[in-house]
Amino acid sequence: VVTDRQRRRQGREIGDLALRRLGALAAESRLRQVGQLVGFVHDEAKPFLKEFWRDNIRVVGFVRDPENYLNQGTMHVFPSHWEGSAKVTYEAAACGLPQITTREAGDVVRNEIEGIIVKPGDVNAIAAALEHLYLHPETVQQMGIAARRRVVENFTWDHFRTRLLDAYETAMRMAR
């Protein structure tokens, strides 16, 4: 599952150059299920999707229930160039998906624990990570379990509320 807008900020190259590499893998029958794109596909990525389109790729657009689409996936790809802390990485982890993402997408994923961290713009690393996870389903399962556990133990709305209230209390103490 690849989510969000496919444009420069979110690492449009997954819709560009990485699809070339994935297309080659699919042609070699080593990668049968490319998956679905959830979100908006920017105009500049459409020619690449058209060029490398497969019947097993779906573009579903923005959805109100991303968890229903994430739950259909095996892994989540979000190669952001700069994001801050992307909500979709929390959603994917909550759904038990290992992720291929960048450090720029936030702190949910730790490299080789809940997923694989790649450098922004490193198309070969994205494709290699996809191939690695495809060839190692036991790693996918372990990372997915770790991802779900990390969200439940650290990133629920209760955790957020507690941290936010602590920050306000600290700021008020410092202002006195």
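Everything below is about the structure shown above.
Residues numbered from 1 in each chain as written. Predicted model: local features only at pLDDT ≥ 70, side-chain atom pairs only at ≥ 80, totals over all residues. Heavy atoms only, no water.

### Structural notes on the overall build of the protein
So, point 1. Summing up its helical and strand segments, the protein has seven helices and six strands in all.
So, point 2. Scanning the protein from its N terminus toward the C terminus, one meets helices and strands in the order β-α-β-α-β-α-β-α-β-β-α-α-α.
So, point 3. Out of the 176 residues belonging to the protein, those deemed buried represent 42%.
So, point 4. Taking as baseline every contact in the protein between residues at least 6 positions apart, the subset at least 24 positions apart corresponds to 57%.
So, point 5. Summing over all exposed atoms, the protein offers an accessible surface of approximately 10,000 Å²; the carbon and sulfur share of this is 53%. (Helix = DSSP H or I, 4+ residues; strand = E, 2+ residues; numbered from the N terminus. Buried < 20%, exposed > 50% of the residue type's maximum accessible area, 1.4 Å probe, protein only. Contact = heavy atoms within 4.5 Å. Areas by Shrake-Rupley, 256 points an atom, 1.4 Å probe, with all protein chains shown as cover.)

### Points about helix 6 (residues 137-154)
So, point 1. Relative to the 26 Å expected for 18 residues at 1.5 Å per residue, helix 6 spans 26 Å between its end C-alpha atoms, a close match to the ideal helical length.
So, point 2. Those residues of helix 6 that fall on the buried side of the exposure criterion are Thr139, Val140, Met143, Gly144, Ala146, Ala147, Arg150 and Val151.
So, point 3. Elements that come into contact with the buried residues of helix 6 comprise helix 4 (87-94), strand 6 (115-117) and helix 5 (123-135). (Expected span 1.5 Å × (residues − 1).)

### Re the side chain of Glu114
So, point 1. Within the secondary structure layout, Glu114 lies in the loop between strand 5 (99-101) and strand 6.
So, point 2. One polar contact links Glu114 to Arg110, side chain to side chain, over a distance of 2.5 Å. (Polar contact = N/O pair within 3.5 Å; in protein donor to acceptor, adjacent residues only side chain to side chain.)

### Focus: the packing of aromatic side chains
So, point 1. Counted by the stated rule, this structure contains two aromatic pairs.
So, point 2. An angle of 80° between the planes, with centres 5.2 Å apart, marks the rings of Tyr90 and Phe155 as edge-to-face. On the criterion of sequence distance, the pair formed by Tyr90 in helix 4 and Phe155 in the loop between helix 6 and helix 7 (157-175) is long-range, its members being 65 residues apart.
So, point 3. Overall, the relative accessible area of 22% leaves Tyr90 in the partly exposed class.
So, point 4. Pairing Trp157 with Phe160 gives two aromatic rings, centres 5.6 Å apart and planes at 90°, and the pair type is edge-to-face. Placement of both Trp157 and Phe160 in helix 7 is noted, with a separation of three residues, approximately one turn of the helix.
So, point 5. Its relative accessible area of 64% is what places Trp157 among the exposed residues. (Phe/Tyr/Trp six-rings, centres within 6.5 Å; stacked < 30°, edge-to-face > 60°.)

### Section: the pattern of salt bridges
So, point 1. Across all of its chains, the model carries three salt bridges by this definition.
So, point 2. A salt bridge links Arg110 to Glu114, with the shortest nitrogen-to-oxygen separation between them at 2.5 Å.
So, point 3. Judged by its relative accessible area of 35%, Arg110 is partly exposed.
So, point 4. Ionic pairing is found between Arg161 and Asp158, a salt bridge with its closest N-O pair at 2.0 Å. With a gap of three residues between them, Arg161 and Asp158 both fall in helix 7, about one helical turn apart.
So, point 5. Residue classification places Asp158 among the partly exposed residues on the basis of a relative accessible area of 48%. (Salt bridge = Lys/Arg side-chain N within 4 Å of Asp/Glu carboxyl O.)

### Section: the packing of helix 4 against helix 6
So, point 1. One can describe the packing of helix 4 onto helix 6 by two numbers: an axis separation of 7 Å at closest approach and a directional angle of 115°. Listed contacts from helix 6 to Tyr90, Ala93 and Ala94 of helix 4 are Ala147, Arg148 and Val151. (Axes fitted to C-alpha atoms, helices over the stretch in contact; angles between N-to-C directions.)

### Quick word on the nonpolar core
So, point 1. Met75, Val77, Ile100, Ile116, Val118, Ile126, Ala129, Leu130, Leu133, Val140 and Met143 together form the largest nonpolar core, which totals eleven residues.
So, point 2. Mapped onto this core, the elements with two or more residues apiece are helix 5 and helix 6.
So, point 3. When residues in this core are grouped by element, the largest group, four residues, is from helix 5.
So, point 4. If sequence neighbours within four positions are ignored, Ile116 has contacts with Gln99, Ile100, Thr101, Val109, Asn111, Ala129, His132, Leu133 and Met143.
So, point 5. Core analysis: the second largest hydrophobic core is formed by six residues, Val109, Ile117, Ala147 and Val151 among them. (Core = buried A, V, L, I, M, F, W, Y, C linked by side-chain atoms within 4.5 Å.)

### What to know about a nonpolar patch on the surface
So, point 1. A contiguous nonpolar surface patch, about 580 Å² in accessible area, is contributed by Trp157, Phe160, Leu164, Leu165 and Tyr168.
So, point 2. Within the element layout of this structure, Leu165 appears in helix 7.
So, point 3. Residue Leu165 is classed as partly exposed on the basis of its relative accessible area of 47%. (Patch = residues over 30% accessible without salt bridge, like charges linked within 9 Å, V, L, I, M, F, W, Y side chains within 5 Å.)

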